[in-house]
Amino acid sequence: MSVEGGGRKESVSGRQQQARELEDLEDELQAAEDAKLRLEVNMHALKAQYDRDVAGLEELEEESKRSLLKQLREMEEELQDELKHDRAIAVNARNKLQGYLRGLEQEVEIANKVKEDDVKQYQKLAAQMKDFQHEVEKARIALKEMAAAVKDNEKRVKNLEAERSVSLKLENQRLVLERQDKEMRDKLQELEGQN
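Residues numbered from 1 in each chain as written. Predicted model: local features only at pLDDT ≥ 70, side-chain atom pairs only at ≥ 80, totals over all residues. Heavy atoms only, no water.

Asks: What is the right way to look at the pattern of salt bridges in this model?
Replies: Two side chains bearing opposite charge may form a pair once their charged atoms approach each other closely. In total, this model carries six salt bridges according to the counting rule given. The partner of Asp 152 in a salt bridge is Arg 156, with the nearest N and O atoms 3.2 Å apart. Here the residue Asp 152 and the residue Arg 156 both occupy positions in helix α2 (residues 87-194), the gap between them amounting to four residues, near one helical turn. You can call Asp 152 partly exposed: its relative accessible area is 34%. Residue classification places Arg 156 among the exposed positions, given a relative accessible area of 52%. Among the salt bridges present, the one from Glu 171 reaches Arg 174, with a minimum N-O distance of 2.4 Å. (Salt bridge = Lys/Arg side-chain N within 4 Å of Asp/Glu carboxyl O. Helix = DSSP H or I, 4+ residues; strand = E, 2+ residues; numbered from the N terminus. Buried < 20%, exposed > 50% of the residue type's maximum accessible area, 1.4 Å probe, protein only.)

Right, dumping it as structure tokens:
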């Protein structure tokens with residue numbers, strides 16, 4: 001009886017351990033999915049910021065070009081008017097315009113670099129997103145395997161408990177038969193003693 005009781009305790013303990021492991025795996029899966037959601041939010045935010053930055057830079061570039069062309073036309077008209085009076089002033093103005101153009105080119109280069117950095121960051125986040133999806137899929141497979149193993153173990157435990165129940169019934173029947181046999185022997189001895 002003590003061996004059977006110990007076996008029952010071990011099977012219950014094993015099921016509890018498997019249940020805890022299953023809960024831990026579910027917690028890890030939930031954490032991975034939460035991290036995936038946060039990464040998706042960050043990616044969407046970064047893409048939206050990237051689109052806004054690109055649109056803003058393109059608009060700024062176009063506005064700067066229009067303003068520059070307008071200034072250029074105005075300055076050329078002024079140069080045309082002032083060329084007769086003071087050629088030196090016209091030369092200085094052209095130099096100033098060229099300096100402004102160089103500054104604009106530098107701004108465009110910086111803007112292009114910012115766009116390249118944003119693209120790299122977006123690609124990095126996309127790669128991390130792919131890795132998280134892979135880890136989540138692995139966790140789901142492990143969870144299914146663990147659930148199948150728990151179900152199989154529960155089935156085995158039920159079969160063992162059924163077998164033990166049958167053994168207990170047979171043992172009880174044997175004890176009853178032995179007790180009845182002893183009672184019959186006692187009665188026979190009693191009757192023989194009376195004779």
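Asks: Even after reading the chapter, I still don't get a negative patch on the surface, so can you show me in this structure?
Replies: Taken together, Glu 21, Glu 23, Asp 24, Glu 26, Asp 27 and Glu 28 make up a surface patch of like negative charges. Along the polypeptide, Asp 24 turns up in helix α1 (residues 2-82). (Patch = residues over 30% accessible without salt bridge, like charges linked within 9 Å, V, L, I, M, F, W, Y side chains within 5 Å. Areas by Shrake-Rupley, 256 points an atom, 1.4 Å probe, with all protein chains shown as cover. Lys, Arg positive; Asp, Glu negative; His and termini not counted. Charge placed at Lys NZ, Arg CZ, Asp CG, Glu CD.)

Note that all results are geometric; they support no functional claim without further evidence.
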